[in-house]
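Fold and contact review
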Amino acid sequence: GMLAPGADGTQAVAAFRGRPAAVAWLDAELPALLAAAARAAELGLADEALTAADALSWYFDLRCQWHAWQTMCETLRPAAHSRGDLRAEACLLNSLGLALTEQRRLAEALALHEEAAGLARRAGDQTEEGTALNFRAHVCAALGRYDEAVAGHEQALELFRAAGYRRGEAMAINHCGNTLYRAGRHEESAGRHQQALVLFAALGDALGGAMARLNLALALAGLGKYGDAISHYRQALTTFEELQDRWGRARALYGLGCALRADAGDAAAAEWLRQASEAFRLIGDLAWERDVLRVLTSTLRSAGLPGEARTCAQRISDLDRALGS
């Protein structure tokens, strides 16, 4: 996902025998964790709870637990506020904004990132301010405000550079590439993602690298370079599967299906698009599932599978109702 940079789960993995064990434990204990955070806030033990919320951001992001993340941030926010801990509050607001963005609550997320930027600036924390500006820019891009978004990513990049925060730099460059892609500037987008890929590799950040690779593949496909795109999608998919990143995996499957369709035709693409729609269904991301199913439906019709296409079309109308559009 978007990830609060640096929160990559390395500390958590040290306490377990590797990442899968940590993820499995958190999956099982999530309701207890949320209850513990609420209890800690009541008992004035906010320190530990705030540290835990920060340390767990990688997990919420990895597993697409947006609502749980939102709940945890909202639970702890009053504690950070009453203690006058500007940095901790900025950090929570950035996480909360991210959780709301993933639930398509963009106007609220924009306001939260703006507030976080102000708090971080007052705290003199360039890294957290850069994070706020970068996430705010990401929301601007989702709202179609591309020029404003690119300017925001560049501003965040300057703050990260000033703070010597390399991972933030890589993240801002990657997100800027994403915005350029949305604005239809595919060539520039590919250049940024190449740059981000080099930075993530230097940091030894496999997940960040896979994210940059996924975005690079998207830009290359936009340029009609399907063979290159397919090869990058496959590499990204392998990493997402190894690291159990559900959202990244779903996105890579979808990209692969679309690129294969353009390159090799409908029959080659159908299986990947089926897997992608199923992956988004399991995450519970209805809007993405619907996007994939629209492509899958026309792919199945062209591939001479009208029965399965009808089943998909039925699921799309169910999703239209659920999404209220």
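The shown structure was predicted, so the numbers you read here are calculated from the model rather than taken from an experiment. (Residues numbered from 1 in each chain as written. Predicted model: local features only at pLDDT ≥ 70, side-chain atom pairs only at ≥ 80, totals over all residues. Heavy atoms only, no water.)

Points about the overall build of the protein chain
- When you go through the protein chain residue by residue, the secondary structure sums to 17 helices and 0 strands.
- Long-range pairs, those at least 24 residues apart, make up 60% of the contacts in the protein chain between residues at least 6 apart in sequence.
- Working note: accessible area of the protein chain is about 13800 Å², and carbon and sulfur atoms make up 52% of it. (Helix = DSSP H or I, 4+ residues; strand = E, 2+ residues; numbered from the N terminus. Contact = heavy atoms within 4.5 Å. Areas by Shrake-Rupley, 256 points an atom, 1.4 Å probe, with all protein chains shown as cover.)

With respect to the confidence of the model for the protein chain
- Per-residue confidence for the protein chain averages 85 on the pLDDT scale, and 79% of its residues sit at or above 70.
- Contacts of residues 4–14 to residues separated by more than four positions or lying in other chains number 19 contacts, the stretch itself having pLDDT below 50. (pLDDT = per-residue confidence, 0-100.)

Structural notes on helix α10 (residues 166–182)
- Its 17 residues place the ends of α10 25 Å apart at the C-alpha level, agreeing with the 24 Å of an ideal helix rising 1.5 Å per residue.
- Counted residue by residue, α10 has 14 buried out of 17 residues, so it is predominantly covered.
- Looking at the residues trailing α10, positive phi occurs at Gly184, about 80°. (Expected span 1.5 Å × (residues − 1). Buried < 20%, exposed > 50% of the residue type's maximum accessible area, 1.4 Å probe, protein only.)

What about the packing of α10 against helix α11 (residues 186–203)?
- One can describe the packing of α10 onto α11 by two numbers: an axis separation of 8 Å at closest approach and a directional angle of 160°. In terms of orientation, α10 and α11 fall into the roughly antiparallel class. The interaxial crossing formed by α10 with α11 has left-handed handedness. Residue-level contacts link Arg166, Arg167, Glu169, Ala170, Met171, Ile173, Asn174, Cys176, Gly177, Asn178, Leu180 and Tyr181 of α10 to His186, Glu188, Ser189, Arg192, His193, Gln195, Ala196, Leu199, Phe200 and Leu203 of α11.
- Its residues placed into classes, the contact of α10 with α11 shows 10 nonpolar, 7 polar and 5 charged. (Axes fitted to C-alpha atoms, helices over the stretch in contact; angles between N-to-C directions. Parallel < 35°, antiparallel > 145°, perpendicular 65-115°, else oblique. Left-handed = near helix turned anticlockwise from the far one by under 90°. Nonpolar A, V, L, I, M, F, W, Y, C, P; charged D, E, K, R; others polar.)

Considerations on the packing of aromatic side chains
- In this structure the tally under the stated criterion is 4 aromatic pairs.
- An angle of 90° between the planes, with centres 6.2 Å apart, marks the rings of Trp247 and Trp288 as edge-to-face. Taken together, the residues span a long stretch of sequence, with Trp247 in helix α14 (residues 246–264) and Trp288 in helix α16 (residues 286–302) at a distance of 41 residues. An identical accessibility class is assigned to Trp247 and Trp288; each is buried.
- A ring pair is formed by Tyr254 and Trp288, whose centres lie 6.0 Å apart and whose planes are at 85°; its orientation type is edge-to-face. (Phe/Tyr/Trp six-rings, centres within 6.5 Å; stacked < 30°, edge-to-face > 60°.)

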